[in-house]
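Chain residues, written in single-letter form:
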Amino acid sequence: MYRAFGKRLFDLIVGAILLIVTAPLIAILALLIRWRLGRPVLFRQQRPGLYGRPFTIYKFRTMTDARDRDGNLLPDAERLTPFSRFLRSTSLDELPELWNVLRGDMSLVGPRPLLMHTFHATRLSRPDATTLSPASRAGRR
């Protein structure tokens, strides 16, 4: 019973409260990202959800569109700014994922959403927004 209704109810109530409480911060971050990195403010990507069903995850954009002379994007490390590193290190870039939680694409507690090319068909749980990313775990060793 809890798995079917309790966890979803928890996600809806806590996710809505968090979205309301963090709305001013989200607005300020969106303006700062627009000013420092340009458009678009949000990064969108397809990720596998429950039973492998694809969904669009929303995060704040943290990379520039810097390109080399041939028009190819520079490596990720060169496209990150100090502001972007701050957003990632504090996980503020993941605040828009609260929208995914309210939509039911993700849960607040559970496994992280994988990239589509690393997804294994045996995964049967809804991804979450709270599990530490590999990058944040590496900095905590």
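First, a word on what this report is: a plain description of the structure on this page. For clarity, every value in this text was computed on a predicted model and none was experimentally measured.

### Brief notes about the overall build of the protein chain
And step 1. Across its full length, the protein chain holds 5 helices and 2 strands.
And step 2. Element order for the protein chain, N to C, with α for helix and β for strand: α-β-β-α-α-α-α.
And step 3. Put simply, the protein chain has 141 residues, and 35% of those count as buried.
And step 4. Taking the intrachain contacts of the protein chain between residues at least 6 apart in sequence as the baseline, contacts between residues at least 24 apart amount to 50%.
And step 5. Accessible surface, the protein chain as shown: approximately 9100 Å² in total, 63% of it carbon and sulfur.

### Quick look at the pairing of strand E1 (residues 42-48)
And step 1. Pairing of E1 with strand E2 (residues 54-60), which is carried by 7 bridges, proceeds in the antiparallel orientation. Following the sheet pairing, arginine 44 is matched in E2 by tyrosine 58.
And step 2. Taking the residues that link successive antiparallel strands as the turn, the E1-E2 hairpin has 5 residues, and the phi of tyrosine 51 there is positive, at about 60°.

### Focus: the environment of isoleucine 57
And step 1. By the secondary structure assignment, isoleucine 57 is in strand E2.
And step 2. Take isoleucine 57: its relative accessible area is 0%, and that puts it in the buried class.
And step 3. Along the backbone, isoleucine 57 and glutamine 46 are 11 residues apart, and their C-alpha atoms lie at a distance of 6.2 Å.
And step 4. When neighbours within four sequence positions are excluded, isoleucine 57 is seen to be in contact with Phe43, Arg44, Gln45, Arg47, Glu97, Asn100, Met106 and Pro113.

### Some remarks on the pattern of salt bridges
And step 1. Per the counting criterion, the structure on display carries 7 salt bridges.
And step 2. Its salt-bridge partner being lysine 59, residue glutamate 97 comes within 3.8 Å of it at the nearest N-O pair. Of this pair, glutamate 97 sits in helix H4 (residues 97-103) while lysine 59 sits in strand E2; the two residues are 38 residues apart in sequence, bridging distant segments of the chain. Lysine 59 carries the same exposure label as glutamate 97, and that label is buried.
And step 3. The closest approach of N and O atoms between glutamate 94 and arginine 112, which form a salt bridge, is 3.7 Å.

### What to know about helix H3 (residues 82-89)
And step 1. Considered for burial, the residues of H3 that qualify are Phe83, Ser84 and Leu87. The arc that holds every buried residue of H3, seen down its axis, measures 100°, which confines them to one face. Counted as exposed and oriented over 90 degrees from the buried face of H3: Pro82 and Ser89.
And step 2. Once H3 finishes, serine 91 follows within two positions and takes phi at roughly 60°, a positive value.

Parameters at a glance
Residues numbered from 1 in each chain as written. Predicted model: local features only at pLDDT ≥ 70, side-chain atom pairs only at ≥ 80, totals over all residues. Heavy atoms only, no water. Helix = DSSP H or I, 4+ residues; strand = E, 2+ residues; numbered from the N terminus. Buried < 20%, exposed > 50% of the residue type's maximum accessible area, 1.4 Å probe, protein only. Contact = heavy atoms within 4.5 Å. Areas by Shrake-Rupley, 256 points an atom, 1.4 Å probe, with all protein chains shown as cover. Pairing = 2+ DSSP bridges. Salt bridge = Lys/Arg side-chain N within 4 Å of Asp/Glu carboxyl O. Arc of directions from axis to C-beta.

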